[in-house]
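Next come the chains, spelled out residue by residue.
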Amino acid sequence: MESNIHRYLVRLTPLGTYFFGGEVTFGDGTTQNYLVHSQLLPQAAALLGVMRYAVLASHGLLETGDHEADAERRKRYPSLIGQTFDMENPSSDGYGIIKRLSPVFIEKKGHLFTPRPADYGCSVRFSDDGHTSFTSAEERPLISIEGDIRYTSEWISEDGATILSKADIFLTEQRVGITRKPGVPDDKSFFKQTVVRLADGCSFCFTVDTSEPLSGLPSIVQLGGDRSLSHLELEPCSDDIVKRFSPLHCEGRLVLLSDAYLPTAAEWQAFDFVWGESVTNRYTANAHKSRRKSLLYHLLSRGSVVYHRDSAALNGLLAENPLNRIGLNIFI
């Protein structure tokens, strides 16, 4: 860590249920969905938004509705919180004084947890005796998988010693209802929503690196599609919490501690074997002063593993990437 960088451990503890959207939300302005499920973890862009809000609040620069005064406040925004995150063109120097976010983890009883690697308990071997091809793309080496393939959602501690089930961390609740404007009947307003609540003793946890010390941040922030409240705690941190998960590393493959985005399928196809799942990431960007557009991306989910017999190919994934600045594309 550079000498002029200040690192903090951030804990976000939801005060009730929450809803984090992915692809299926109540709508993006052009479509409407009636059966929606919350994702378990907040997206990287959402956490960046929380920190940008907290920085503005700590400097007394939140908008008040006074147009003239707000215009003066906004002049300071670029230096403090930078520009809006863009998946296709991420900043290589952070966002104002916010220089880097780590991936978000679950903290429980002093330990950090991440989704269990997809190949946990298995051995993957490549064979030189033959090749296979599922498309017209180049042939792939034959692989064999030995061990107990586990399809359940499990979470593993940073030292690899503790496994928790999804139910040990996340509790789901369903809500059924109708939303409508007062006095205006609308048959399309029925909904069924699955929201999530963290189990007792659990929090979201990540680090933030800043070029200036942070103080006076709000203790309560809004997060998620339903703007649910979370308690925010901040404490100085000297170590790299990503490196705490080093025991999960194995030679010949990398495991994802965050979601990862590579712009083209060809980039993923360059590896011998990718074992994991796709996760959707939708965020709303300002397309024009009067218009907003919803952008959908498919990412490789955390816990996925990438294999290649050439270590140089894997090292390319470890090279600095602008998306690392908000906690995406983090491999170990």
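Our subject is the structure listed above.
A few points on the structure. (Residues numbered from 1 in each chain as written. Predicted model: local features only at pLDDT ≥ 70, side-chain atom pairs only at ≥ 80, totals over all residues. Heavy atoms only, no water.)

**Observations concerning a nonpolar patch on the surface**
Consideration 1: On the surface, I143, I145, I149 and Y151 cluster together into a nonpolar patch covering about 390 Å² of accessible area.
Consideration 2: Summarising the element assignment, I149 is placed in the loop between β7 (140-147) and β8 (154-157).
Consideration 3: Exposure remark for I149: the relative accessible area of 31% places this residue in the partly exposed category. (Patch = residues over 30% accessible without salt bridge, like charges linked within 9 Å, V, L, I, M, F, W, Y side chains within 5 Å. Areas by Shrake-Rupley, 256 points an atom, 1.4 Å probe, with all protein chains shown as cover. Salt bridge = Lys/Arg side-chain N within 4 Å of Asp/Glu carboxyl O. Helix = DSSP H or I, 4+ residues; strand = E, 2+ residues; numbered from the N terminus. Buried < 20%, exposed > 50% of the residue type's maximum accessible area, 1.4 Å probe, protein only.)

**Points about the sheet that holds strand β15 (residues 253-255)**
Consideration 1: What the three strands build is an open sheet, ordered β15-β19-β16; its pairing is antiparallel. Whereas interior strands pair on both sides, the edge strands pair on one side only; in this sheet they are β15 and β16 (273-275). When strand polarity is set aside, the average angle formed by the axes of neighbouring strands in this sheet is 15 degrees.
Consideration 2: Two elements, β16 and strand β19 (residues 305-307), share three bridges in a ladder whose sense is antiparallel. In the strand pairing of β19, W275 is matched with V305.
Consideration 3: Sitting on the sheet, helix α5 (residues 311-318) touches β15 and β19, and the angle it makes with β15 is about 20 degrees. (Pairing = 2+ DSSP bridges. Axes fitted to C-alpha atoms, helices over the stretch in contact; angles between N-to-C directions. Contact = heavy atoms within 4.5 Å.)

**Considerations on the side chain of T17**
Consideration 1: Position of T17 among the secondary structure elements: in the loop between β1 (6-14) and β2 (35-37).
Consideration 2: Here R175 takes part through its side chain, which lies 2.5 Å from a polar atom of the side chain of T17.
Consideration 3: With near-sequence residues (within four places) excluded, T17 lies in contact with E173, R175, V195, V196, R197, D226 and S228. (Polar contact = N/O pair within 3.5 Å; in protein donor to acceptor, adjacent residues only side chain to side chain.)

**Quick look at unusual backbone geometry**
Consideration 1: Unlike most non-glycine residues, K109 shows phi in positive territory, near 55 degrees.
Consideration 2: As for its placement among the helices and strands, K109 is situated in the loop between β4 (105-108) and β5 (111-115).
Consideration 3: Located in the positive-phi region is R227, a residue other than glycine, with phi close to 55 degrees.
Consideration 4: Note on placement: R227 falls in the loop between β13 (220-223) and β14 (228-236).
Consideration 5: For R227, a relative accessible area of 55% translates into the label exposed.

**Here we look at the nonpolar core**
Consideration 1: Formed by 52 residues in total, the largest nonpolar core has its most connected members in L12, M51, I106, F170 and F204.
Consideration 2: Of all the secondary structure elements, the ones that give two or more residues to this core are β1, α1 (44-58), α3 (77-81), β3 (98-101), β11 (190-198), β12 (202-210), β13 and β18 (291-300).
Consideration 3: Among the elements that take part in this core, α1 stands out by supplying eight residues, more than any other. (Core = buried A, V, L, I, M, F, W, Y, C linked by side-chain atoms within 4.5 Å.)

**Topic: the packing of aromatic side chains**
Consideration 1: Applying the stated criterion across every chain, the model contains 11 aromatic pairs.
Consideration 2: The interplanar angle of 75 degrees and the centroid separation of 5.2 Å between the aromatic rings of Y261 and Y297 together place this pair among those described as edge-to-face. Pair noted here: Y261 is in the loop between β15 and α4 (265-269) and Y297 is in strand β18, with a separation of 36 residues, a long-range link.
Consideration 3: The class of Y261 is buried, set by a relative accessible area of 7%.
Consideration 4: On the basis of an interplanar angle of 35 degrees and a centroid distance of 5.9 Å, the ring pair of F273 and Y307 is categorised as tilted. (Phe/Tyr/Trp six-rings, centres within 6.5 Å; stacked < 30°, edge-to-face > 60°.)

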